[in-house]
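Chain by chain, the residues run as shown.
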Amino acid sequence: MSEVTREAMEYDVVIVGAGPAGLSAAIRLKQLDASLDVVVLEKGSEVGAHILSGAVLDPSGLTRLMPDWKEKGAPLNVPVKEDNFYVLGEGGQIRLPNFIMPPLMNNHGNYIVSMGNVCRWMAEQAEELGVEIFPGMACSELVYHDDGSLKGVVAGVFGLEADGTIGENTEPGMELHGKYVFLSEGVRGSLSKEVIAKYNLDAGCDVPKFGLGMKEIWEVDPDKHNEGEVTHTMGWPLGFKNSGGSFVYHLDKNQVYVGYIIDLNYKNPHLFPYMEFQRFKHHPKIAKLLEGGKRISYGARAVTKGGFQSIPEVSFPGGALLGCSAGLVNLPRIKGNHNAMHSGIEAAEAAHAAIKDGRSGDRLEAYDIALKTGVVGKDLKRVRNVAPLNGKFGPLGGLALGGFDMWAQTILRVSPFGTVKHGKTDAQSTGKASDYAPIDYPKPDGKLSFDRLTNVSYSFTNHEESQPAHLHLKDASIPISVNLKDYAEPAQRYCPAGVYEVVEEDGKDPRFVINFQNCVHCKTCDIKDPSQNITWVTPQGGDGPNYPNM
Ligand SMILES: Cc1cc2nc3c(=O)[nH]c(=O)nc-3n(C[C@H](O)[C@H](O)[C@H](O)COP(=O)(O)OP(=O)(O)OC[C@H]3O[C@@H](n4cnc5c(N)ncnc54)[C@H](O)[C@@H]3O)c2cc1C
Ligand code: SF4
């Protein structure tokens, strides 16, 4: 498509992605100088449609951005009033007392929110300040200046033929050029991945690490609902060989967010993350809460967990990486929204200063420094060893050593471990199928647990079927010739939307099938495929999940 001639529009700053990072950047730019031309492009059908988070929000980023958010009606209506942490066994649980938890894990002062709704509200604030926001516009390509610096993006390509060629109904999209381009695509951004490789931004950092988060919204019996309650668990059903755990957040209106995050460094390729989540809901403690209730929404999204040592350089010629495109989640707190907002603010401040000085297209080094030495860097640095200790010693060893490390850093301001390295990528961590026993998962009962395709219909995902598949295989033979043979093709199980199937028919060779229409844009396949053969690219704008209030 790059040979096509397109119209171009010029902006001061072009922002890709209307998540908390991108919207914070847009708002801060306009607060600093109302005359700046700022555009935000979002692939979801509306702002919030692709946002999936827990979420317990630490409001520090929002307060820095808009100290009067309460008066302005921000949808932060449910303060956390109870914090619980349980280690689950199959039939029971042990509660870890709050006093042994490092203070940074305390949720006092935080809010249970729908980040989708927070982003919708932030978009209104941004528009009132004059930011142009275009939902339904996927940014599918980057465009560069002759000197190699980033010039802008291509957005709004529609109606390609199924083989990717241009047809009668193809709209070629347009180019949006900026003095600076902010990539705030969230975890494993497709354009962010391209710039990280092009400018070698990860040369000096550790490998990125990820988890897969799945979430359902439930409406429960009012007698069982406890607005403001936050519960986290580890242990059953995942056990203590793999890291991960659940979250159960009681928001308002008898709704409960029930979710499960599984670290993608798991070795056993037979593991089925979605079925682990479904099984979790049958634990007596959780089943008691959900029985008689109804699941009203489902979704999934990867989450970054590499932390401080995995942050790449965040500025490059002509732009910057914001939020989870740079991997800013604080793992033990399971929080990244506050850091996404702080990063947006800091990138905006650096770009505003540069534009005021007449600069454009260069590196915003001030942003790199602010991010790594400011509030975000400090938040992430003190928990930097939790993920690698989990990876090396498993969840129990990791809990003990990570907890010890966080306490040491709280009290002594120094880590006894220095900085622990992550080692392998999540794809490299996958072991051979023959070295592990298959896992027998109970069938969903249709009341507490659901089969994958039924649940995917509750993500309200939709992709125009006539377009090319947005899941590209570098080599179409690998899923069968390598992945099926060596790893029992784990894509069949790690995809939380059932996109990938191996079809085996009598007398025929097995076939790898990609049902791209079901994709919920979680990006797990791009991360976990052991052969690193799958590349996720944007489908046409507006396609994908339509989350109501995730
Ligand atoms: C299951 C789960 C639970 C979590 N729980 C919490 C929690 O309780 N508290 C907390 O603080 N954090 C939590 N997090 C982390 C938090 O959600 C992230 O840190 C946060 O979403 C990062 O914000 P962001 O703006 O960088 O990216 P996102 O919120 O992912 O937003 C990115 C936006 O960019 C859009 N986009 C991406 N690519 C393109 C493109 N090429 N063109 C156009 N648009 C594009 C996407 O559609 C999306 O709207 C959780 C994450 C998960 C997955
Ligand atoms: S195809 Fe990939 S990105 Fe889409 S839902 Fe499945 S694992 Fe996630």
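Quick summary incoming for the structure in this document. Predicted, not measured: the structure shown is a model, and the values here were computed from it. (Residues numbered from 1 in each chain as written. Chains lettered and ligands numbered in written order. Predicted model: local features only at pLDDT ≥ 70, side-chain atom pairs only at ≥ 80, totals over all residues. Heavy atoms only, no water.)

With that out of the way, let us pick up the overall build of the protein chain. A count of helices and strands for the protein chain gives 15 helices and 22 strands. Computed over its C-alpha atoms, the radius of gyration of the protein chain comes to 22 Å, within 12% of the 24 Å expected for a compact globule of 550 residues. Projected onto its principal axes, the C-alpha coordinates of the protein chain cover approximately 65 × 65 × 45 Å. Among the 550 residues that make up the protein chain, the fraction classed as buried is 61%. Taking all contacts inside the protein chain whose residues are at least 6 apart in sequence as the whole, residues at least 24 apart take part in 78%. Summed over its atoms, the accessible surface of the protein chain is roughly 21300 Å², and 52% of this surface lies on carbon and sulfur atoms. Within the protein chain, one finds 54 positive and 67 negative side-chain charges whose respective centroids are separated by 8 Å. (Helix = DSSP H or I, 4+ residues; strand = E, 2+ residues; numbered from the N terminus. Rg over C-alpha atoms; globule rule 2.2 N^0.38 Å. Buried < 20%, exposed > 50% of the residue type's maximum accessible area, 1.4 Å probe, protein only. Contact = heavy atoms within 4.5 Å. Areas by Shrake-Rupley, 256 points an atom, 1.4 Å probe, with all protein chains shown as cover. Lys, Arg positive; Asp, Glu negative; His and termini not counted. Charge placed at Lys NZ, Arg CZ, Asp CG, Glu CD.)

Moving on to the site of ligand 2. Taken together, 13 residues surround ligand 2, and among them Cys495, Cys519, Cys522, Lys523 and Cys525 come closest. Here the residues of the shell around ligand 2 are counted per class, giving eleven nonpolar, one polar and one charged. (Near = heavy atom within 4 Å. Nonpolar A, V, L, I, M, F, W, Y, C, P; charged D, E, K, R; others polar.)

One open sheet accounts for three strands, arranged E3-E7-E4; its pairing is antiparallel. One side of each edge strand has no neighbouring strand; the edge strands of this open sheet are strand E3 (56–57) and strand E4 (78–79). (Pairing = 2+ DSSP bridges.)

Time to look at the packing of helix H1 (residues 20–32) against helix H3 (residues 115–128). As a packed pair, H1 and H3 sit with axes 10 Å apart at the nearest point and diverge in direction by 20°. With respect to H3, the axis of H1 lies roughly parallel. Crossing of H1 against H3: the hand is left-handed. Residues Pro20, Leu23, Ser24 and Ile27 of H1 touch H3, and the partners they reach there are Met115, Cys119, Met122, Ala123, Gln125 and Ala126. The class makeup of the residues in the contact of H1 with H3 is eight nonpolar, two polar and no charged. (Axes fitted to C-alpha atoms, helices over the stretch in contact; angles between N-to-C directions. Parallel < 35°, antiparallel > 145°, perpendicular 65-115°, else oblique. Left-handed = near helix turned anticlockwise from the far one by under 90°.)

Attention now moves to the sheet that holds strand E15 (residues 255–263). Spatially, the seven strands line up as an open sheet ordered E6-E5-E13-E14-E15-E12-E16, and their pairing is mixed. Pairing within the sheet leaves two strands with one partner each, and these edge strands are strand E6 (93–95) and strand E16 (294–304). Averaged over all pairs of adjacent strands, the angle between their axes in this sheet comes to 20°, without regard to strand direction. In the sheet, strand E12 (residues 210–219) pairs with E16 via ten bridges, with the strands oriented antiparallel. In the strand pairing of E16, Gly213 is matched with Arg301.

The next point concerns the pairing of strand E14 (residues 244–250). Within E14, six of the seven residues are buried, which leaves it mostly tucked inside the rest of the structure. Note that strand E13 (residues 229–235) and E14 share four bridges and pair antiparallel. Each bridged residue has a counterpart across the sheet, and for Val230 the counterpart in E14 is Tyr249. In the sheet, E14 pairs with E15 via seven bridges, with the strands oriented antiparallel. From the neighbouring strand, Gly245 faces E15, where its bridge partner is Ile261. Hairpin connection, E14 to E15: the antiparallel pair is bridged by four residues, and Lys253 has positive phi, about 55°.

Around ligand 1, the surrounding shell holds 37 residues, and the nearest of these are Glu42, Ser53, Gly54, Val56 and Cys324. Within the backbone of Ala21, an N or O atom sits 3.0 Å from an oxygen atom of ligand 1. Contact between ligand 1 and Arg301: an oxygen atom at 2.9 Å from a side-chain N or O atom of the residue. When ligand 1 is considered free in solution it has 1000 Å² of accessible area, and contact with the protein chains removes 98% of it. At the level of elements, H1, strand E2 (38–42), E14, E16 and helix H7 (337–356) are the ones that each hand at least two residues to the shell around ligand 1. With three residues, E16 is the largest single contributor of residues to the shell around ligand 1. Here the shell around ligand 1 is composed, by residue class, of 20 nonpolar, twelve polar and five charged. (Polar contact = N/O pair within 3.5 Å; in protein donor to acceptor, adjacent residues only side chain to side chain.)

A full pass over the atoms with the stated rule returns 23 salt bridges. Taking the shortest distance from any N to any O, the salt bridge between Asp263 and Lys305 comes out at 3.1 Å. Here Asp263 is found in strand E15, whereas its partner Lys305 is found in the loop between E16 and strand E17 (315–316), with 42 residues between them in sequence. In terms of burial, Asp263 and Lys305 fall into one category: buried. When salt bridges with common partners are traced through the structure, they connect Asp58, Arg333, Asp379 and Arg382 into a single cluster. (Salt bridge = Lys/Arg side-chain N within 4 Å of Asp/Glu carboxyl O.)

Now for the nonpolar core. Of all hydrophobic cores here, the largest spans 77 residues; its most connected members are Val153 and Phe182. The element contributing the most residues to this core is H7, with nine residues. Setting aside its immediate chain neighbours within four residues, Phe182 contacts Val13, Val14, Ile15, Val16, Ala25, Leu29, Ala320, Leu322, Ala347, Ala348, Ala351 and Leu364. Among the nonpolar cores identified, the runner-up in size contains 68 residues, and Val187, Tyr249, Met275 and Tyr500 belong to it. (Core = buried A, V, L, I, M, F, W, Y, C linked by side-chain atoms within 4.5 Å.)

That is the geometry; function is a separate question.
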